[in-house]
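Tertiary structure, described
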Amino acid sequence: MNVRDVLPKDAIPSIDTPTFSDAYFGSDDDEVLVVDGDPPRAYPIRILSYHEIVNDTVDGVPVAVTWCPICWSAVVYDRRVDDRVLTFGTSGKLADDALVMYDRETETEWKQPTGEAIAGTLSGRQLTVRFAPMMSWETFRAEYPEGMTLQPVRGTGGEPGSPAEIYDMEPYREYAERETFGLYGMRGEGDPRSWARTDIDAKTPVLGVEVDSEALAFPVPEVEARGGIVTERVGGTDIVVFTTTDGIYGYENPGFAFERREGGVYADGTRWDPKTGKSEDGRQLDQVAQRRMFAFAWQDAHGPDSFWGL
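The notes below deal with the structure included here.

Conventions adopted
Residues numbered from 1 in each chain as written. Predicted model: local features only at pLDDT ≥ 70, side-chain atom pairs only at ≥ 80, totals over all residues. Heavy atoms only, no water. Helix = DSSP H or I, 4+ residues; strand = E, 2+ residues; numbered from the N terminus. Contact = heavy atoms within 4.5 Å. Core = buried A, V, L, I, M, F, W, Y, C linked by side-chain atoms within 4.5 Å. Buried < 20%, exposed > 50% of the residue type's maximum accessible area, 1.4 Å probe, protein only. Pairing = 2+ DSSP bridges. Phe/Tyr/Trp six-rings, centres within 6.5 Å; stacked < 30°, edge-to-face > 60°. Lys NZ or Arg CZ within 6 Å of the ring centre and 35° of its normal.

Turning our eyes to something else, we now look at the side chain of Glu52. As for its position among the elements, Glu52 is in the loop between helix 1 (45–51) and strand 5 (53–58). In this view, Glu52 contacts Ile12, Val65, Thr66, Trp67, Pro69, Thr90 and Leu99; residues no more than four positions away in its chain are not counted.

Structure representation (structure tokens):
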């Protein structure tokens, strides 16, 4: 693991007192990370790209909503470790081009895509992943009409520029479209990284699922090529993965034979919503902990043989 200092600690400030509203200043097609709750909460990637960590509490559960713009890695973690509730900040370090978080209670450092403590008092410990799908804000508003959206902390007064100007996604979109990746691809610093594979691009988005120490990533193009539905067994658990026009979603599969017809997903005599895992007859697929990121970041963490379908 290659760990290097890039910025001063907390140079990218976490959001520690988040506020929410039913309004959003960005575009309908902006991606958001969704945490189920009462009400559900959306965390726009536009805001996360400039803060990377939101320390929040949802229905009494302390969570860290985290995002690494270099890895395109979106993961929500439970902030509880043993009898401690941790509060996370940005360390200013990268581990294999991935955000390294630190907790302010013990100064332990944690690799963001994996949730593993890589240095400090809690070294070797693992954060628990929460189910948190990504979708467009327009989809979030349609699927969760009662949902609330994280509000910006900059551009709301006392400084020039509107939130839309300050939280500008264009630099990050440009990075996502470049062939180069890692810190060099983002900022032109350090040495460019090589990618020897031809079966998957370094920046292919994947949905990573980990069950009982077994890890498998589902590349979006591979799932799409099979009609947007695939089933697999991971760590002894049956998984079903769906793709839609604006996302990829994974759930536990109770043994149903899902199929697409008449513009929808059907199984066990009813129609299912891939974005929420809910059926028209009131059932709910069990959630499975998942992470979404670029393929290179998943391979850095789990090796070249950890991709489904390749």
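Still to come is the rest of the account.
Take the nonpolar core next. Tyr43, Val65, Trp110 and Phe296 are the most contacted members of the largest nonpolar core, which totals 57 residues. Ranked by residues supplied to this core, first place goes to strand 6 (residues 61–68) with six residues. Excluding its chain neighbours within four sequence positions, the residues that come into contact with Tyr43 are Phe20, Val32, Leu33, Val35, Leu48, Val54, Asp56, Val58, Val65 and Leu150. In this structure, Tyr24, Tyr251, Phe258 and Val265 belong to the second largest nonpolar core, which totals 20 residues.

Turning next to the sheet that holds strand 15 (residues 134–136). Spatial strand order, 2-16-4-3-15: five strands in an open sheet with mixed pairing. Each edge of the open sheet carries a strand with a single partner, namely strand 2 (20–21) and strand 15. Of the strand pairs in this sheet, strand 2 and strand 16 (residues 148–150) are connected by two bridges, and their pairing is antiparallel. Note on strand 16: the bridge partner recorded for Ser21 is Thr149.

Below, the discussion takes up the packing of aromatic side chains. This structure, assessed with the given rule, holds 21 aromatic pairs. Taking the centre distance of 6.0 Å and the plane angle of 40 degrees together, the rings of Phe25 and Tyr167 count as tilted. Remark: Tyr167 occurs in the loop between helix 3 (163–166) and helix 4 (170–177) and Phe25 occurs in the loop between strand 2 and strand 3 (31–35); sequence separation between them is 142 residues. Overall, the relative accessible area of 25% leaves Phe25 in the partly exposed class. The rings of Trp67, Trp72, Tyr175, Phe181, Trp195, Phe294 and Phe296 are connected pair by pair, giving a single aromatic cluster. One cation-aromatic arrangement involves Lys203 over Tyr175; the distance from NZ or CZ to the ring centre is 3.7 Å.

This part is about the environment of Ala23. Tracing the backbone through its elements, the reader meets Ala23 in the loop between strand 2 and strand 3. A residue is classified by how much of its surface remains accessible, and Ala23, at 38% relative accessible area, is partly exposed. With 253 residues separating them in the primary sequence, Ala23 and Thr276 have C-alpha atoms 21 Å apart.

Now for unusual backbone geometry. The step from Asp38 to Pro39 runs through a cis peptide bond, and the omega angle for that step is 5 degrees. Tracing the backbone through its elements, the reader meets Pro39 in the loop between strand 3 and strand 4 (41–44). Of note, Asp10 is a non-glycine position whose phi angle comes to about 65 degrees, a positive value. Along the chain, the position of Asp10 falls in the loop between strand 1 (3–5) and strand 2. Residue Asp10 is classed as partly exposed on the basis of its relative accessible area of 30%. One non-glycine residue, Ser213, adopts positive backbone phi at about 70 degrees. Counting through the fold element by element, Ser213 comes out in the loop between strand 17 (205–211) and strand 18 (214–219). For Ser213, a relative accessible area of 78% translates into the label exposed.

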